[in-house]
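Residue-level structural notes
Residues per chain, in single letters:
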Amino acid sequence: MSVDSAPPSGQTTGGPHFDFQDAQTGDLGVLAAIADAMKSDSLADRLESLKRLSVLALAIGEERTREELIPFLDESIDDEDELLLSLAEVLGDFVQYVGGPKYAYVLLRPLENLAAAEETVVRDKAVESINKLVELMDQPQVEEYLIPCVARLSAGEWFTSRSSAAGLYAAAYGKVTDAIQSKLRAGYEALCKDDTPMIRRAAASNLEALVARIEKDHVLSFAIPNFRRLADDDQDSVRLLTVEPLVAIAKRLTIDECKQHLGESVQRLCVDKSWRVRYMVADHFVAIATNIKDRELQEELVNVAIALMHDNEAEVRGAICTQMDGLADLAAPEAIVARLQAPLQELVEDPSQHVRATLGKHIGSLCRVFGKEGTIEHLLPLLLRLLKDSFPDVRLNIISKLDAVDNVVGIDSLSQSLLPAIVELAEDKQWRVRLAIIEYVPLIASQLGMQFFDEQLSNLCMSWLGDPVYSIREAATVNLKKLTDVFGVDWARATIIPKILAMANHPNYLYRMTTIFAITTIAPSVTPEIVRDLILPSLEGLVNDPIPNIRFNVAKSLEPLTMALRKSPETAPLEGTIIRPTLARLEEDRDPDVRFFASRSLMAISSA
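Residues numbered from 1 in each chain as written. Predicted model: local features only at pLDDT ≥ 70, side-chain atom pairs only at ≥ 80, totals over all residues. Heavy atoms only, no water.

**Observations concerning the overall build of the chain**
Put simply, the rule is: Strands here mean DSSP runs of E at least two residues long; helices mean DSSP runs of H or I at least four residues long; both are numbered from the N terminus. The globule rule used here is 2.2 Å times the number of residues to the 0.38 power, and the radius of gyration it is set against is calculated over C-alpha atoms. The contact criterion used is simple: two residues touch if any of their non-hydrogen atoms lie within 4.5 Å. Here, Shrake-Rupley sampling with a 1.4 Å probe gives the accessible areas, and only protein chains in the shown set may cover a residue.
Counting its secondary structure elements, the chain contains 39 helices and zero strands. In terms of overall dimensions, the chain is more spread out than a globule: its C-alpha atoms have a radius of gyration of 34 Å, far above the 25 Å expected for 608 residues. Taking the contacts inside the chain whose residues are at least 6 apart along the sequence as the reference set, 70% of them involve residues at least 24 apart. Accessible surface computed for the chain: about 26600 Å², of which carbon and sulfur atoms make up 49%.

**Some points on the packing of aromatic side chains**
Applicable threshold: Here is the rule: rings of Phe, Tyr and Trp (six-membered ring for Trp) pair when centre to centre is within 6.5 Å. Planes less than 30 degrees apart are stacked, more than 60 are edge-to-face, and the remainder are tilted. Three exposure classes are used, based on accessible area relative to the maximum for each residue type with a 1.4 Å probe and protein chains only: buried under 20%, partly exposed in between, and exposed over 50%. Consider the ring centre and the ring normal. A charge sits over the ring if Lys NZ or Arg CZ is within 6 Å of that centre and within 35 degrees of that normal.
One pass over the full model with this rule turns up eleven aromatic pairs. The interplanar angle of 80 degrees and the centroid separation of 5.3 Å between the aromatic rings of Tyr169 and Tyr188 together place this pair among those described as edge-to-face. Here Tyr169, found in helix 11 (residues 169-173), pairs with Tyr188, found in helix 12 (residues 178-192); they are 19 residues apart in sequence, far enough to count as distant. You can call Tyr169 buried: its relative accessible area is 1%. Taking relative accessible area as the criterion, Tyr188 reaches 0% and is therefore assigned buried. Taking 5.1 Å as the distance between ring centres and 75 degrees as the angle between the ring planes, the aromatic pair formed by Phe596 and Phe597 counts as edge-to-face. Taken together, the ring pairs connect Tyr103, Tyr105 and Tyr145 into an aromatic cluster. When the ring centre of Tyr103 is taken as origin, the NZ or CZ atom of Arg66, which lies over that ring, is 3.7 Å away. Between the NZ or CZ atom of Lys556 and the centre of the ring of Phe597, over which it lies, the distance is 5.0 Å.

**Here's the deal with the state of the cysteines**
Quick note on the threshold: Disulfides are defined as pairs of cysteine sulfur atoms found within 2.5 Å of each other.
Taken as a whole, this structure holds zero disulfides when the rule is applied. As a non-bridged cysteine, Cys367 has Cys321 as the owner of its nearest cysteine sulfur, 15 Å distant.

**Some remarks on helix 37 (residues 548-565)**
Defined as follows: Each helix should span, by expectation, one fewer than its residue count multiplied by 1.5 Å. The seven residues ending at a residue and the seven starting there each receive a fitted axis; the angle between those axes is the bend at that residue.
Look at helix 37: 26 Å from first C-alpha to last across 18 residues, which is about the 26 Å you get at 1.5 Å a residue. Most pronounced at Glu559, the bend in helix 37 amounts to some 25 degrees, and the proline Pro560 follows within four residues. Residues of helix 37 that are buried: Ile550, Arg551, Phe552, Asn553, Val554, Ala555, Ser557, Leu558, Leu561, Thr562, Ala564 and Leu565.

**Remarks on the environment of Ser265**
Relative to the assigned elements, Ser265 resides in helix 18 (residues 263-270). Separated by 19 residues in sequence, Ser265 and Leu246 have C-alpha atoms that sit 9.0 Å apart. Setting aside residues up to four positions removed in sequence, Ser265 forms contacts with Phe227 and Arg228.

**Some words on the environment of Arg317**
The condition that has to hold: Definition of a polar contact: a pair of N or O atoms within 3.5 Å, with one able to donate and the other able to accept a hydrogen when the atoms are protein atoms, and with sequence-neighbouring residues admitted only if both atoms are side-chain atoms.
Note on placement: Arg317 falls in helix 22 (residues 314-321). Spatially, the C-alpha atoms of Arg317 and Val423 are 31 Å apart, while their sequence positions differ by 106 residues. Setting aside anything within four residues of it in sequence, one finds Arg317 in contact with Leu308, Met309, His310, Asp311, Asn312, Leu347, Asp350, Pro351, Ser352 and Val355. A distance of 2.6 Å separates the side chain of Arg317 from the side chain of Asp350, its partner in a polar contact.

**Observations regarding the packing of helix 3 (residues 43-51) against helix 6 (residues 81-92)**
Our working definition: Axis lines are fitted through C-alpha atoms, for helices just across the contact stretch, and the angle between N-to-C directions can take any value from 0 to 180 degrees. Convention used here: angles under 35 degrees read as roughly parallel, angles over 145 as roughly antiparallel, angles from 65 to 115 as roughly perpendicular, and any remaining angle as oblique. We call Asp, Glu, Lys and Arg charged. Ala, Val, Leu, Ile, Met, Phe, Trp, Tyr, Cys and Pro are nonpolar, and the rest, Gly among them, are polar.
Where helix 3 meets helix 6, the closest approach of the two axes is 10 Å, and the angle between their N-to-C directions is 5 degrees. The pairing of helix 3 with helix 6 is recorded here as roughly parallel in orientation. Together, Leu43, Arg46, Leu47 and Leu50 of helix 3 and Glu82, Leu83, Ser86, Leu87 and Val90 of helix 6 make up the contact between the two elements. Considering only residue class, the contact of helix 3 with helix 6 consists of six nonpolar, one polar and two charged.

**Examining the pattern of salt bridges**
Test applied: What makes a salt bridge here is a side-chain nitrogen of Lys or Arg within 4 Å of a carboxyl oxygen of Asp or Glu, nothing more.
Evaluated as defined, the whole model comprises 30 salt bridges. Close ionic contact of Lys481 with Asp485 constitutes a salt bridge, the shortest N to O distance being 3.5 Å. Residue Lys481 and its partner Asp485 are located together in helix 32 (residues 470-487), separated by four residues, close to a single helical turn. Ionic pairing is found between Asp533 and Arg493, a salt bridge with its closest N-O pair at 3.8 Å. With Asp533 in helix 36 (residues 528-542) and Arg493 in helix 33 (residues 489-495), this pair connects stretches of sequence that are 40 residues apart. One salt-bridge network, in which partners are shared between bridges, spans Arg109, Glu112 and Arg152.

**A look at helix 36**
Helix length check: helix 36 (15 residues) gives 20 Å between terminal C-alpha atoms against 21 Å at 1.5 Å per residue, within 8%. Of all the bends in helix 36, the largest measures some 40 degrees and sits at Ile535, one to four residues before the proline Pro537. Those residues of helix 36 not exposed but buried are Pro528, Ile530, Val531, Ile535, Leu536, Ser538, Leu539 and Leu542. Packed against the buried residues of helix 36 are helix 33, helix 34 (497-502), helix 35 (509-522), helix 37 and helix 38 (574-586).

**Some points on the confidence of the model for the chain**
This is how it is decided: Each residue gets a pLDDT score, which is the predictor's confidence in that residue and runs from 0 to 100.
In this model, the chain carries an average pLDDT of 85, and 92% of its residues clear a pLDDT of 70 or more. Considering only residues more than four positions removed or in separate chains, one finds that residues 2-30, a stretch of pLDDT under 50, has 56 contacts.

**As for a negative patch on the surface**
Defined as follows: Patch construction takes residues with relative accessible area above 30% that form no salt bridge. Like charges are linked within 9 Å, and nonpolar side chains (Val, Leu, Ile, Met, Phe, Trp, Tyr) are linked within 5 Å. Under the convention used here, Asp and Glu are negative, Lys and Arg are positive, and both His and the chain ends fall outside the count. Here the site of a charge means NZ on Lys, CZ on Arg, CG on Asp, or CD on Glu.
Together, Glu80, Asp81, Glu82 and Glu118 line one region of the surface with negative charge. Mapped onto the fold, Asp81 is located in helix 6.

**Considering the side chain of Arg239**
One can find Arg239 in helix 15 (residues 236-239). Classification of Arg239 by relative accessible area gives buried; the value is 6%. Filtering out sequence-adjacent residues up to four positions away, Arg239 remains in contact with Leu230, Ala231, Asp232, Asp233, Asp234, Leu269, Asp272, Lys273, Ser274 and Val277.

Below, the structure is given as structure tokens:
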């Protein structure tokens, strides 16, 4: 890159020594501690000093920060990667302490040195910070200070500086004259041709951002040739990074231009000998196909997608499964249905459990293309097989996406086909699967009606209240509240509340605890009369429970029950005759936790 790469005027390689003791004149004695920490042998102390660097900068003022503190930091750059990373981050947000955007260039020199560091995360953070500075710099600043910085990094002897340079071209490009833009394009092309694979990787990964900034003519004359060069690279680690630039280039082109300039490259990437490249293609497949725009080429890509479903590598097959939804829009629905049936049959039996799990998560999106009849005929049998898969994540993913199937075929068809399997999964040994089933039950109940629920699912919902996993018991109580909202208070009074209250006498304290949780949860959904006639008498029996956890949960539950009783003038007096005396008795309990929660509930009731 033929731009003057000498150090910018006003910057020196050997700045003045910074007198920290002088900096503490005034009333900020903490400055001496910061200064000592910056020169400490302890890494932790030096890291802490960097976090408090803004305090020092505010104390000494903007001018001394520019002329003394920043050069000091540049000279004393540490070799500890953790410290360098912290410094690179701090400098990116340091503009306000050096005098604002017009002095942002002062921070470029230390960041330039950090951008040439050995550790990748340090270089990346330095590049990120420089790009933040560029947003604040005007065109003269960019041309006078940033462009020489980019030139020096691009011409660096070590690969570290050249790889960092690739990340700066896009930010600089939009803030310089046409003549300098031409030199930037030439400099970036040199990076694309660099002998070192790591530099070409950096060029490939940053090409997407540059494509978004350059003019349309240069997309054709500059971006596409360099994309092709990188896409044909002998290193697969370079080729796989060209997939995202491919999408960015396709967005800028017309249909005919895409077909003319990108069609061949797309085809080569799709059948690349490296599975990592094929994985990247599969992972971005819909974005590639959608932005290519040419319908004929898109239909050809459907065949490529099917080939990727048969790929030897499980990672590739899993990646293409994530693209099911968008894949369905690349050809006519009839063609998609016909061409996907066989691959889907094979993927359902895929030897990789992770491929099957990914398929389970995304196969439901095909229902809208298959239609109601096609889904019932072709997809529901596959869903049923996945619901019975031996790997729990497969079952979980199917359950969590059943709403997409329900929207197409309706709950009646879905329940007839899958309900037996769903009921079976309600007792699955994996608690996350049981949890997913619980969360799906209110939808099934609302669609199938009260009678069907009472016959098929009522006992199942009650059994979850005794599950050994707390998350299941908690979800079961929320489930009962939702069911009460669906079927009404009369149904709850006749069907579930008696069963809940019967558990209050269970010898296992967990069942008695669940009773308290359940009635506390459903209390806002039932009438005050139900609270008075059914719930309060049961709770009064648990006030004297031998288990302290039961007693303090009774104290906690009386607060929401009081709110429910206040809804009716007939039940409101019970606050004074039952609730408050009960809490007062619990305030004198021998257990400190019981006394604490009783007092807290009384305070909450009084302040409500």
